[in-house]
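Coordinate inspection notes
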Amino acid sequence: EAQVTQNPRYLITVTGKKLTVTCSQNMNHEYMSWYRQDPGLGLRQIYYSMNVEVTDKGDVPEGYKVSRKEKRNFPLILESPSPNQTSLYFCASSLSSGRASLAKNIQYFGAGTRLSVL
Amino acid sequence: AQKVTQAQTEISVVEKEDVTLDCVYETRDTTYYLFWYKQPPSGELVFLIRRNSFDEQNEISGRYSWNFQKSTSSFNFTITASQVVDSAVYFCALSVYSSASKIIFGSGTRLSIRP
């Protein structure tokens, strides 16, 4: 079954304690992305990756890091979490990042990770 | 710059009523895609529909219908004979050719269907 898997689904942590949210897709997708969802703001893009070893900032990258060492995995790293990073996080993937393939680009979303930073 | 506006923050209707969720978008690209996603109380995002900028035909899927009008930059979503299970947050979103895979989301409309 095609899917995007995020772990953990729920996480409560304290300020400053490094954490990683994992994201894995089994569809051989090139493009992966992280979003955060906050009330009244919809989903905002944090980072994205066009392919292995190719990552770039989205609209709200401050306080986050990512890596793309393998095609299937795109972990989100919070080196020193702060309370303003309390949010619902979504990982997404799509077949290709190329413009020519826009017609094929339906993004598949993970189930979400609800993070609380105390 | 691209933008998606969902002016209705919350809507509450009685079951079986029809309800329309508004979506207005901004882009200078001539090639783009519009989406609607549903987020039920469980939190996951459920893809509902994608339309491209060259296809203004309205679409109907069961009780759901979508009205795409380029003249007003709108992509409205109507639920006919609403049901309690339709209660969710609905997001309208935009993806443009020049930004390939990036999706810009509206702020969402919370729809509550009362029995």
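Let us look at the structure shown here. (Residues numbered from 1 in each chain as written. Chains lettered and ligands numbered in written order. Predicted model: local features only at pLDDT ≥ 70, side-chain atom pairs only at ≥ 80, totals over all residues. Heavy atoms only, no water.)

**Side note on the overall build of chain B**
Of regular secondary structure, chain B possesses 0 helices and 12 strands. Scaling as 2.2 N^0.38, a compact globule of 115 residues should have a C-alpha radius of gyration of about 13 Å, and chain B matches this with 14 Å. Overall, the C-alpha framework of chain B stretches about 45 × 25 × 20 Å when taken along its three principal axes. The proportion of buried residues among the 115 residues of chain B is 49%. (Helix = DSSP H or I, 4+ residues; strand = E, 2+ residues; numbered from the N terminus. Rg over C-alpha atoms; globule rule 2.2 N^0.38 Å. Buried < 20%, exposed > 50% of the residue type's maximum accessible area, 1.4 Å probe, protein only.)

**Describing the packing of aromatic side chains**
Counted under the stated rule, the structure contains 20 aromatic pairs over all chains. Here tyrosine 31 of chain A and tyrosine 48 of chain A contribute two aromatic rings whose centre-to-centre distance is 6.0 Å and whose plane-to-plane angle is 25°, an arrangement assigned as stacked. Of the two residues, tyrosine 31 of chain A sits in strand β4 (residues 31–38) while tyrosine 48 of chain A sits in strand β5 (residues 42–51), which places them 17 residues apart along the sequence. Residue class for tyrosine 31 of chain A comes out buried when judged on its relative accessible area of 2%. Taking the relative accessible area as the measure of exposure, tyrosine 48 of chain A reaches 19% and is therefore buried. Measuring from centroid to centroid gives 6.4 Å for phenylalanine 90 of chain A and phenylalanine 109 of chain A, while their planes differ by 85°, and the two rings are edge-to-face. Placement of the pair is phenylalanine 90 of chain A in strand β9 (residues 87–94) and phenylalanine 109 of chain A in strand β10 (residues 108–109), with a sequence separation of 19 residues. A residue is classified by how much of its surface remains accessible, and phenylalanine 90 of chain A, at 0% relative accessible area, is buried. Judged by its relative accessible area of 13%, phenylalanine 109 of chain A falls in the buried class. In this structure an aromatic cluster arises from ring pairing among Tyr35, Phe90 and Phe109 of chain A together with Phe35, Tyr37, Phe47, Phe91 and Phe105 of chain B. (Phe/Tyr/Trp six-rings, centres within 6.5 Å; stacked < 30°, edge-to-face > 60°.)

**Observations regarding the state of the cysteines**
Residue and element names in this part refer to chain B. Counted under the stated rule, the structure contains 2 disulfides over all chains. Here cysteine 23 is linked by a disulfide to cysteine 92, with a sulfur-sulfur distance of 1.9 Å. Across the disulfide from cysteine 23 to cysteine 92, rotation about the S-S bond amounts to roughly -65°, and the bridge is consequently left-handed. Placement of cysteine 23 in the loop between β3 (19–21) and β4 (24–26) and of cysteine 92 in strand β10 (residues 88–96) is noted, with a sequence separation of 69 residues between them. The two residues cysteine 23 and cysteine 92 agree in class, both being buried. (Disulfide = S-S within 2.5 Å.)

**As for the pattern of salt bridges**
Residue and element names in this part refer to chain A. With the rule as written, the count across this model stands at 7 salt bridges over all chains. For the salt bridge of glutamate 79 with lysine 18, the shortest nitrogen-to-oxygen distance reads 3.9 Å. Within this pair, whereas glutamate 79 is found in the loop between β8 (76–78) and β9, its partner lysine 18 is found in the loop between β2 (10–13) and β3 (19–25), the two being separated by 61 residues in sequence. Relative accessible area serves as the criterion here: at 36%, glutamate 79 is assigned to the partly exposed category. The partner of aspartate 38 in a salt bridge is arginine 44, and the shortest N-O contact between them spans 2.8 Å. Since its relative accessible area comes to 11%, aspartate 38 is described here as buried. Connected through shared salt-bridge partners, Lys18, Lys65 and Glu79 make up one network. (Salt bridge = Lys/Arg side-chain N within 4 Å of Asp/Glu carboxyl O.)

**Topic: the sheet that holds β8 of chain A**
Residues and elements named next belong to chain A. The strand order across the open sheet built from 4 strands is β1-β3-β8-β7, with neighbouring strands paired in antiparallel fashion. Every other strand in the sheet has two partners, leaving β1 (4–7) and β7 (65–66) as the edge strands with one partner each. In terms of strand pairing, β3 meets β8 through 3 bridges, oriented antiparallel. Along β8, the bridge assignment pairs leucine 19 with leucine 78. (Pairing = 2+ DSSP bridges.)

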